Each structure stands twice: as C-alpha cells, then as structure tokens.
Amino acid sequence: MTLFVMIVATLYFGREVLVPITLALLLAFLLAPLVALLRRLRLGHVPSVLLALIAALSVILALGAVIGSQIGQLSVGVPEYVVTIETKIAKVNAYTVGRLADLADRIGSQRSKAAAPPPANAREGVFPTPDSTAWLETGSTPLDLARRFVSPVLSPFLTLGLIFIVSVFALLQQDDLRDRLIRLLGPDDIALTKLGMEDASQRLSKYFLSQLLVNTAFGTVVAIGLLFVGVPNPVLFGILSALLRFIPYVGSLVAALLPMSLAAAVDPGWWLVLWTGVLYLAIESVTGQIIEPLLYAHNTGLSPFSVVVAAIFWSWLWGPIGLVLSTPLTMCLVVVGQHVSRLRFLDTMLGD
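Treat the numbers as computed from the prediction; the structure is a model and nothing was measured.

Section: the environment of Leu213
Locating Leu213 in the fold gives a position in helix α9 (residues 190-229). C-alpha separation for the pair Leu213 and Ala242, spaced 29 residues apart in sequence, amounts to 9.7 Å.

Here it is in structure tokens:
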C-alpha cells in the first residue's frame, strides 16, 4: 500500500514532466511501423526516423491550417447566427417561462421586491469610469508582462517541441532502450522479458493504428454526411470529430454537440438539428457497437470494467490527457502483469 501511494504521488506531482515524456514515447510507438517500413526500403535508420517525424509534423501542421481557415470562414456568419439563436431562445422562453409566468400571475399576486438604493455617486450624477491601465500592476516590468502574456501562448508549442525531441531520441535509440529495459527488468530471464516487451509493443502499435484508422474514417463519413445534410463547414467538424473521438466516452458527445449548435444557429427551424443528431447517432452506433469491438477485442486485452476504471483513475491523475492515455497505459500494465510473476495481479484485475 505504501508503494502504491508513492507511485500515485509521483505520477500526480510529476505530471508536468511525465506527461510530455509519455506522449513522446506513445508517438514513438505510433511511428515505429512507419520507421520500420522506411528502413526496409534501405533509407537508413536516421533518415527513416527523420522522415517519419517530418511526416507526422506535416500532418499536424496541415490539420491546424485547415482548422484555422475553416474557423475563419465560420466567423463571417457569426452575426447572423447570433440573431437566429436569440430568436429561438425568445420563442422557447415564450412557450415555457412566459406561460409559467402568466400562470403564476393568475394564481397569486406578484410579490414586489424592494429595490436596492442606488450608490451615492449615482445620485450625484457621477458614474465610475473604467481604468484602462487597471491590468497593469504597480512596478510591473516588461519582462513580467511578457512572462504573463506570452508564456501561456508559447507553452503548448514548447511542449510539442519537447515531445518531438524525445520521440526522435526514442526512435533513434530504440534498440538501445530495449536492451537497457531488458537489463533492468529481467536479467534473469531475458527471453521472457523480451517476449513481454515485444507483446506490449505490438499491442500498442496495433491499437494506435486501428484507432487512427477508425477515427479518420469516422471523421470522413461525418464530413460527407454533414455536407449532404447542409451544415456549414463540414470539413471542420469532420476533423474535430476525428480528433475528439480519441477521448473515450465524452469525445463523441462533444463532437456531436458542436455541429448541432451550429445547425441550431443556421436553420430557423429545428429539422437541421434533428438530422445532425440522427447522423451522429447512426455513425457512432455502427462504429462503437460493430467496428470497434471487431478491431479492438484482440488488441487491447482489457476487460470493459477495467477500461472504465482506468479512464476515471488516469483522468483524475493527469486530467484530459490522462483520459486520452488511459487505455494504452492500462494496456501496458496488463502486459507487465502477464509476463512478471510478482505483478500477475494486474492481469487478474485488469485483463480480459
């Protein structure tokens, strides 16, 4: 129990360092098949790693550019969308809150509330004016201001750069890291330790590749369906649906709420919202109940209960990133429990 508490405390308080390293190692697992394919084409180890990472970075930047351009196009019609939403809210209030207010007026007299006395400066005709320099603290230097406003903007890019740097070294020294882990974890039984590491590597690679293909197909079908339904910017919502679906359980719900909100702002009626919800429900039902069980059943080796518990545990430790990483991290624990006798309880508790 003491060891468990120490491990959990280390994971929680060291998340600023452990989360980027974990993301980098999982990215290395995802790119390992591509690196192996390039090496079979006799490109060399270092060029294969660099080409794989350049391809991954290019895909990320391309997705960011497409999302940015789509958001720019969407922002043009925001004033019209606001008017439509306000009209619908007024109609809903008229049919619900308005009728309840009329019924309350008929039943009893409305209780008057004493109005709060106006402030003294308001009675004198003097109103406070906002201070345009209130956000500047006394004694703030340009370096303090830069740290306060620039750091939140640069922090995601620095984290992304750190992830790619660690991934480069992990892919370049893949064999060396494997030998070091074998020496550290199982020097008494090298064959069993190597078998466990190969099992974990294959499971993670297959799981990530299957999830990437399924979510990409999901986003493509969503974009095509939204195009036929008539929701503006279907490419944007297709990309967001594919990305949000990497978050278990809540990702699909958030992905559906975004285009439904836009459909409510575009269409004066409610049919566009209804068809958008039906589209997401149909695609998610087929994907979650038919396609994913066929692909993931033999790749993860996790019980459904352990997937739910792992999502709660890792999201509590690392927040939304932990929710995304919950399944692959728990999968690693199950593989360790299958090949290490002292940790066999992990396979018993979490495995299928």
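Topic: the packing of aromatic side chains
In the structure shown here, the tally under the stated rule is six aromatic pairs. Consider the rings of Tyr12 and Trp316, whose centres lie 6.3 Å apart with planes at 20°: the pair is stacked. Note that Tyr12 is positioned in helix α1 (residues 2-13) and Trp316 in helix α13 (residues 304-318), a separation of 304 residues in sequence. The class of Tyr12 is partly exposed, set by a relative accessible area of 31%. On the basis of relative accessibility, which here comes to 55%, the residue Trp316 falls in the exposed class. Both rings, one in Phe313 and one in Trp314, keep their centres 5.4 Å apart while their planes meet at 80°; by these two values the pair is edge-to-face. A relative accessible area of 25% places Phe313 in the partly exposed class. Three or more aromatic residues joined by ring pairs make a cluster, and in this case those are Tyr12, Phe13, Phe313, Trp314, Trp316 and Trp318. Taking the ring centre of Tyr12 as reference, the NZ or CZ of Arg15 above it sits at 4.3 Å. Here the guanidinium or amino end of Arg245 rests over the ring plane of Phe218, the centre of that ring lying 4.9 Å away.

Conventions adopted
- Residues numbered from 1 in each chain as written.
- Predicted model: local features only at pLDDT ≥ 70, side-chain atom pairs only at ≥ 80, totals over all residues.
- Heavy atoms only, no water.
- Helix = DSSP H or I, 4+ residues; strand = E, 2+ residues; numbered from the N terminus.
- Phe/Tyr/Trp six-rings, centres within 6.5 Å; stacked < 30°, edge-to-face > 60°.
- Buried < 20%, exposed > 50% of the residue type's maximum accessible area, 1.4 Å probe, protein only.
- Lys NZ or Arg CZ within 6 Å of the ring centre and 35° of its normal.

From the geometry alone we can't say anything about function, so treat these as descriptive.
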